[in-house]
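Commentary on secondary and tertiary structure
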Amino acid sequence: MKPLFKVPLKFGLIGAVINIAMFFVQHWTGSNPLMEMRVFDFFIIPVFIFFGIKEYRDTFNQGLMEFWQGMTVGFFIYGSIAVLYSIFLWVALQFADPDMLQSYITESLNVIKENKDLLTEEMGAESYQSSYDEVSKTTALDLATDSLVKKAGIGFLLTSVLSTVLKKQPKKN
């Protein structure tokens with residue numbers, strides 16, 4: 001397998017496993033991982049993208065790297081993390097622990113109810129009610145898709161920056 005795919009696959013798989021492990025840790029400690037995991041994404045995804053791109057550049061590409069190579073490595077890293085975690089999340093919420101989904105919906109609706117006056121003032125009564133109705137209809141697939149999109153968005157932005165920072169081209173004589 002070419003290093004352009006081998007390196008990101010390794011970092012993507014390890015990142016996904018760590019994400020899944022953090023899900024279990026938060027679940028076992030009494031936190032709702034559906035509420036807490038988003039913060040964790042801002043730490044785990046950049047670390048794996050950075051070290052994956054750096055390993056590709058330094059170990060397999062003689063310290064040189066074009067922007068497109070960094071983007072490709074980063075894409076496969078964050079894509080692997082996002083897809084594998086989202087599949088896990090869907091399976092966990094759909095089959096393993098459907099009560100967790102209901103708990104998430106209840107907590108989210110409580111937050112919306114507590115802030116009803118503020119939200120109604122900012123959004124209007126119809127938008128508030130529409131948001132309330134949407135949250136109460138949330139499914140496991142909705143949360144898995146949301147996780148996928150957010151991880152991919154974070155990953156794309158970070159990959160763009162890190163590919164620019166870490167690119168090295170040969171010195172011209």
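The structure contained in this document is the topic of the report that follows.

Some thoughts on the packing of aromatic side chains
Under the definition given, this model contains twelve aromatic pairs. Plain terms: the ring middles of F11 and F48 are 6.3 Å apart, the flat faces sit at 70 degrees to each other, and that makes the pair edge-to-face. Here F48 lies in helix α2 (residues 33–60) and F11 lies in helix α1 (residues 3–28), a separation of 37 residues in the sequence. Classification of F11 by relative accessible area gives buried; the value is 11%. What makes F48 buried here is its relative accessible area of 10%. Between F23 and F88, the ring centres sit 5.1 Å apart and the planes meet at 85 degrees, which makes this aromatic pair edge-to-face. Here F23 is found in helix α1, whereas its partner F88 is found in helix α3 (residues 67–96), with 65 residues between them in sequence. For the residue pair F23 and F88, the accessibility class agrees, reading buried in each case. Here the aromatic residues F23, F24, W28, Y85 and F88 are joined through ring pairs into a cluster of three or more.

Remarks on the side chain of D41
By secondary structure assignment, the location of D41 is in helix α2. When its relative accessible area of 4% is taken as the criterion, D41 is described as buried. Reaching out from D41, the side chain makes a polar contact with the side chain of K151 at a distance of 2.7 Å. Those residues in contact with D41 that lie beyond four places of it in its chain are N19, P46, K151 and I154.

Some details on the pattern of salt bridges
Applying the stated criterion to the full structure yields five salt bridges. In this structure, D146 and K150 form a salt bridge, with 3.2 Å as the shortest nitrogen-oxygen distance. Residue D146 and its partner K150 are both found in helix α7 (residues 140–166); the two are separated by four residues, about one turn of the helix. Several salt bridges share partner residues, and in doing so they unite K54, R57 and D58 into one network.

Notes on a nonpolar patch on the surface
Together, V83, I87, W90, V91, F95 and L141 make up an exposed nonpolar region whose accessible area comes to about 560 Å². The element contributing the most residues to the nonpolar patch is α3, with five residues. Within the secondary structure, I87 sits in helix α3.

Considering empty space enclosed by the protein
Within the structure shown, the criterion is met by one cavity of 30 Å³ or more. Size it by volume and the largest cavity reaches roughly 120 Å³. Lining the largest cavity are 13 residues, with L34, R38, L89, L143 and S147 positioned closest to its centre. Here the residues of the lining of the largest cavity are counted per class, giving seven nonpolar, one polar and five charged.

Rules of the game
- Residues numbered from 1 in each chain as written.
- Predicted model: local features only at pLDDT ≥ 70, side-chain atom pairs only at ≥ 80, totals over all residues.
- Heavy atoms only, no water.
- Phe/Tyr/Trp six-rings, centres within 6.5 Å; stacked < 30°, edge-to-face > 60°.
- Helix = DSSP H or I, 4+ residues; strand = E, 2+ residues; numbered from the N terminus.
- Buried < 20%, exposed > 50% of the residue type's maximum accessible area, 1.4 Å probe, protein only.
- Polar contact = N/O pair within 3.5 Å; in protein donor to acceptor, adjacent residues only side chain to side chain.
- Contact = heavy atoms within 4.5 Å.
- Salt bridge = Lys/Arg side-chain N within 4 Å of Asp/Glu carboxyl O.
- Patch = residues over 30% accessible without salt bridge, like charges linked within 9 Å, V, L, I, M, F, W, Y side chains within 5 Å.
- Areas by Shrake-Rupley, 256 points an atom, 1.4 Å probe, with all protein chains shown as cover.
- 1 Å grid on protein atoms, 1.4 Å probe; cavity = no way out; pocket = protein on both sides within 12 Å on 5 of 7 lines; lining within 4 Å.
- Points joined across faces, edges and corners; volume = space filled by probe spheres on them.
- Nonpolar A, V, L, I, M, F, W, Y, C, P; charged D, E, K, R; others polar.

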